[in-house]
Structure formats: structure tokens, C-alpha cells
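A closer look at the structure
What follows is each chain in one-letter form.
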Amino acid sequence: MSTTQMMKGILDGCLLSIISEKEVYGYELAEKLEGYGFHSFSEGTIYPLLLRMQKEELVTSTLKKSTAGPKRKYYTLTPKGEQELEIFITKWSDLQTTVNNVLNKKI
Amino acid sequence: MKEVILSKRSQTFIEDLRVYLFSSGKKEEEIEEIVTELEDHLIEAEKRGKSTEDIIGKSPKTYMQQLSNEMKIDYKTWMKYFVIIIAGVFSISIIGDILNGPISYSLLEIGGSLVISLLFIMLTFWVFKLVSSRSLTYGIQGLLFFLLAIVPLGLFIGLEFATRSITTPVVEFGLIGTWIAGGLTVVFLISISIWAKTLVLPVIAAFLVLPEYLLGFTSMNEETMLIWSTIITYAGIGAYVLFTAKKSK
């Protein structure tokens, strides 16, 4: 395993969180992730995740005309996606606390 | 006024991805969607000096697989190709045989044709997937496409010989049966063409069958006739394929 496996779940959560702020398109999403400090993955990784999240109806997409020319696919969260984000936030803070506890050896 | 500023590498990747997803049996609209999205991403990224690898990672094949795994297989389209090819094989042989009188087929011929058509479809998709996801030399690509063309042909010739030496029950159509089969075939060819929105089957059938039949009315001797009808057949099909390829571009 599976730092990749773990990373995927975390990336999922981060994508949901970024999309929840405002609707974004693929490149913007990758750029924001990078801006927050995710450097070690190839940007294209987000697309299989987005495809799956669409299949699971966590996000929906609409095509909008961009200024540059081609139509762009913008993502927004569905109610189900918002729930999923809530769950992720709780899980993540639990995990964070637990891992910190272990590392700091305190009970 | 879309300016193409994409690097050669990215362009190749985009084209390969389209072929890969298509030969994995994915839905055309979904393929178009993801391909456009990635193209857009690559253009934006390259404007800012990123490389193709920064986006798709080191292995295009792995990345294509990841995308493919998240997309549904479009069984309807698969069925469409399957039906077209099977119907094509049968209608072309039926039409060709009808002009020589009442038709009859052995079970081996019928079953064999079905199996070979199925094999041909699977082989086609396999070859396209292979060619699009690996960096093969032109020689090997050419060899694969050559195999793709030669294997079904060889199998059909083999089947032809097998039916001569192995006796299986024969389905006799009789005169009326032949007319009905011919009528059904023509109806089938027309409806398939409308359904699939392509004239490729009737055109191929016509070029395979008509030259020999029409030249039969002339005073040519058998040999010249055979040569000419073969030339017309291949030139005709070739011209049609070129014509449609040009039109679709």
C-alpha cells in the first residue's frame, strides 16, 4: 500500500473542499491544489478522481463558455457531495488527533 | 479560431487517449468530454511551461487505464459493431451467392463465420488498444495491422477448405427461400445503413458483387473479366474508403 491509496482518499476530500468554495474547472482545481502545497503528484491525477466522484454523484458539472474559446467543464458539489465533505472533515480531524497523539506519546 | 499551441507529445497523447478509450468500448460523448477537458488542461499547463509528464505522469498507459477504469463500458455501441460486422459478413456472402442461383450453407459455414467475425472484432479492439497505449515502432504497428487484415482472411479461406472436407448438415434455401433471404438481406443492409448512419456495407457489397455480375453481360472472355472485376472491386472500395476518410476530416 499504499501511500497512494491513502493519498487518494485525502485528495478526494481536498477536491470536495475546494469545489465547495466555488465552482471550478479542472486546471483551476489542479492549480489550487498545488498552491496549497501538493507538489508530488501529476496534475492529471485529479481527472480519474473527478470522473469517479461524478459517477458517485458527489459532484456535477456544467459546460460554460470560457473567454479563451473552448467550452469548459465546471464542477459543483451536490448535496450528497456536501455530506461526504462533512464526513471527510470529521474523519480527518479524528485521524489527525489520533496520529498526533501517537507521535507525541500522550494519552 | 482555436489556436493549437499544444506540443507534439501532448497532441500524440490526446489522440492515443481517444483511440484507447474508444477501443475499450467507452461511450463516445464521455470520451469527447474527458478528451476536451484534458486538452484544455494541457494547453493551460504548457502555457505556464509545464511538460506533458507533469500532467499525465511517467506512464501514459497507466494514466489511460486509470481514466478508463472510471468510465462505463457502452455495451450498446459494442453490440452495434458486432451486429454490423456479422450482418456485413453474411449479407455480402449471401448477395454474392444469390447471383449464382439458389443458396445453401452448411452449419459449419454459418457457425464458423460467426466465430471468425467475433474473433475479428476482438482482435481489432485489442490491436487498437495496444497501438494507442504503447510506444511501438512503425514496423511493429504495421505488422499488427497486417496481422489484423490477414488473420480473418486466412481463417475464412481455412473455413472454405474445411467445409469441403468436413460434412455437416446443410441448410438448403431452395428457390423461394433464396428470394426471401435475398430480400431480407437487402432490407437488412438498408436498415443497418440507416441505423448506423453509414453506407459502408452496401457500398462494399455492391463493389464485391456487381462488377463480376455486370461484366458477365459483356462479350469478354472469362479471364479478362475476372481481372477487371477484381480491379474494379478493390479500386472501388479503396476509393470509397479514401473518400469517407477525407470527408470525416
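Worth saying up front: this structure is predicted, and the values here are computed from it rather than measured. Every chain is numbered on its own, with residues counted from 1 as its sequence reads. Ligands are numbered from 1 and chains lettered from A, in the order in which they are written. Note on the predicted model: pLDDT of at least 70 is required for a residue's local features to be given, and 80 or more for side-chain atom pairs to be given and counted; whole-chain, interface and lining totals, by contrast, use all residues. Side-chain numbers here rest on the full set of heavy atoms in the structure, without hydrogens or water.

1. Quick notes on the packing of helix α6 (residues 107–133) of chain B against helix α7 (residues 138–165) of chain B
All names here are of chain B. This is how the line gets drawn: Each axis is a line fitted through C-alpha atoms, taken for helices only over the stretch in contact, and angles between the N-to-C directions span 0 to 180 degrees. Helix numbering and strand numbering both begin at the N terminus, where a helix is a DSSP run of H or I of at least 4 residues and a strand a DSSP run of E of at least 2. The cut-offs work like this: below 35 degrees is roughly parallel, past 145 is roughly antiparallel, 65 to 115 is roughly perpendicular, and the gaps in between are oblique. Three classes are used, and their members are as follows: Ala, Val, Leu, Ile, Met, Phe, Trp, Tyr, Cys and Pro are nonpolar, Asp, Glu, Lys and Arg are charged, and the others, Gly among them, are polar.
Here α6 crosses α7 at 175°, and the two axes come no closer than 10 Å. What the angle tells us is that α6 and α7 run roughly antiparallel. When grouped by side-chain class, the residues that make up the contact of α6 with α7 number 19 nonpolar, five polar and one charged.

2. Observations concerning the confidence of the model for chain B
Inclusion rule: Residue-level confidence of the predictor is what pLDDT reports, using numbers from 0 through 100.
Per-residue pLDDT for chain B has a mean of 84; in total, 98% of the residues score no lower than 70. Within chain B, helix α4 (residues 60–69) of chain B carries the highest mean pLDDT (92), whereas helix α5 (residues 75–98) of chain B carries the lowest (79).

3. A closer look at the pattern of salt bridges
Test applied: Criterion for a salt bridge: a side-chain nitrogen of Lys or Arg within 4 Å of a carboxyl oxygen of Asp or Glu. Relative accessible area decides the class of each residue, using a 1.4 Å probe on protein chains only: under 20% of the type maximum gives buried, over 50% gives exposed, and in between gives partly exposed.
Tallied over the full model, the rule gives 18 salt bridges over all chains. Close ionic contact of Lys64(A) with Glu23(A) constitutes a salt bridge, the shortest N to O distance being 2.3 Å. Note that Lys64(A) is positioned in strand β2 (residues 59–65) and Glu23(A) in the loop between α1 (3–21) and β1 (24–25), a separation of 41 residues in sequence. You can call Lys64(A) partly exposed: its relative accessible area is 35%. For the salt bridge of Glu44(B) with Lys47(B), the shortest nitrogen-to-oxygen distance reads 3.6 Å. Here Glu44(B) and its partner Lys47(B) are both found in helix α2 (residues 28–47), three residues apart, which amounts to about one turn of the helix. Here Lys47(B) falls in the exposed class, since its relative accessible area comes to 53%. Taken together, the salt bridges that share partners define one network made up of Glu31(A), Arg72(A), Asp40(B), Glu44(B), Lys47(B) and Arg48(B).

4. Description of the packing of α5(B) against helix α9 (residues 200–215) of chain B
All names here are of chain B. Quick note on the threshold: Handedness of a crossing follows from how the near helix is turned relative to the far one, being left-handed for an anticlockwise turn of less than a right angle and right-handed for a clockwise one. The contact rule is simple, with two residues in contact once any of their heavy atoms fall within 4.5 Å.
As a packed pair, α5 and α9 sit with axes 10 Å apart at the nearest point and diverge in direction by 25°. In terms of axis orientation, α5 runs roughly parallel to α9. Judged by the twist between their axes, the crossing of α5 over α9 is right-handed. Residues Ile84, Gly88, Ile92, Ile95 and Gly96 of α5 form the contact with α9, whose participating residues are Leu201, Ile204, Ala205, Leu208 and Val209. For the contact of α5 with α9, the per-class residue count stands at eight nonpolar, two polar and no charged.

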